[in-house]
Amino acid sequence: MYSETTRSITVTVQPIFLDDQSSPAEDHYVWAYHVRIENHGKETVQLRRRHWRITDGLGRMQEVRGPGVVGEQPVLAPGEAFEYTSASPLSTPSGIMVGSYEMETPAGESFAVKIPAFSLDSPHQRVRLN
């Protein structure tokens, strides 16, 4: 598991390789990632937007931006948490994801919350010894 805290908002991510949805012979690898967002602060926040940078094993980067997560823009009062699961395909057997969420306070202040970088590792990648 990977975890990062920004302004009392903790984001924890657990990636899971989906062997049953992957096809290594066709260079198609899929991971699910489970995210938990916890508000340890003193004010309510709403997740407005997401931004992901997904880099495959060859260094090719793709950016994904959009409103909310899984069709929602959750509101988190102090002490509350929101969890969701999504997925990401790659054409290589490994990669890395990192990103941020744009949060907004009731007063209209927006701030970025870091999503920790996490590795996408499959059992199909070649192990290289240095």
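Model, not experiment: these values are computed from the prediction.

Caption draft 1: Region of interest: the pattern of salt bridges. In this structure the tally under the stated criterion is seven salt bridges. Residues Arg48 and Glu104 are paired through a salt bridge, measuring 3.5 Å at the closest nitrogen-oxygen approach. In this pair, Arg48 sits in strand S4 (residues 45–56) while Glu104 sits in strand S8 (residues 94–104), placing the two residues 56 residues apart along the sequence. Given the relative accessible area of 24%, Arg48 is considered partly exposed. Using a relative accessible area of 23% as the deciding quantity, one classes Glu104 as partly exposed.

Caption draft 2: Up close: the packing of aromatic side chains. All told, the structure shown has seven aromatic pairs when counted by the stated rule. On the numbers, 6.2 Å between centres and 35 degrees between planes, the contact of Phe82 with Tyr84 is tilted. Residue Phe82 shares its accessibility class with Tyr84, and that shared class is buried. Of note, Arg7 hangs over the ring of Phe111, and the distance from its end group to the ring centre comes to 3.8 Å.

Cut-off values and rules
Residues numbered from 1 in each chain as written. Predicted model: local features only at pLDDT ≥ 70, side-chain atom pairs only at ≥ 80, totals over all residues. Heavy atoms only, no water. Salt bridge = Lys/Arg side-chain N within 4 Å of Asp/Glu carboxyl O. Helix = DSSP H or I, 4+ residues; strand = E, 2+ residues; numbered from the N terminus. Buried < 20%, exposed > 50% of the residue type's maximum accessible area, 1.4 Å probe, protein only. Phe/Tyr/Trp six-rings, centres within 6.5 Å; stacked < 30°, edge-to-face > 60°. Lys NZ or Arg CZ within 6 Å of the ring centre and 35° of its normal.

Geometric descriptors of this kind do not, in isolation, establish any biological role.
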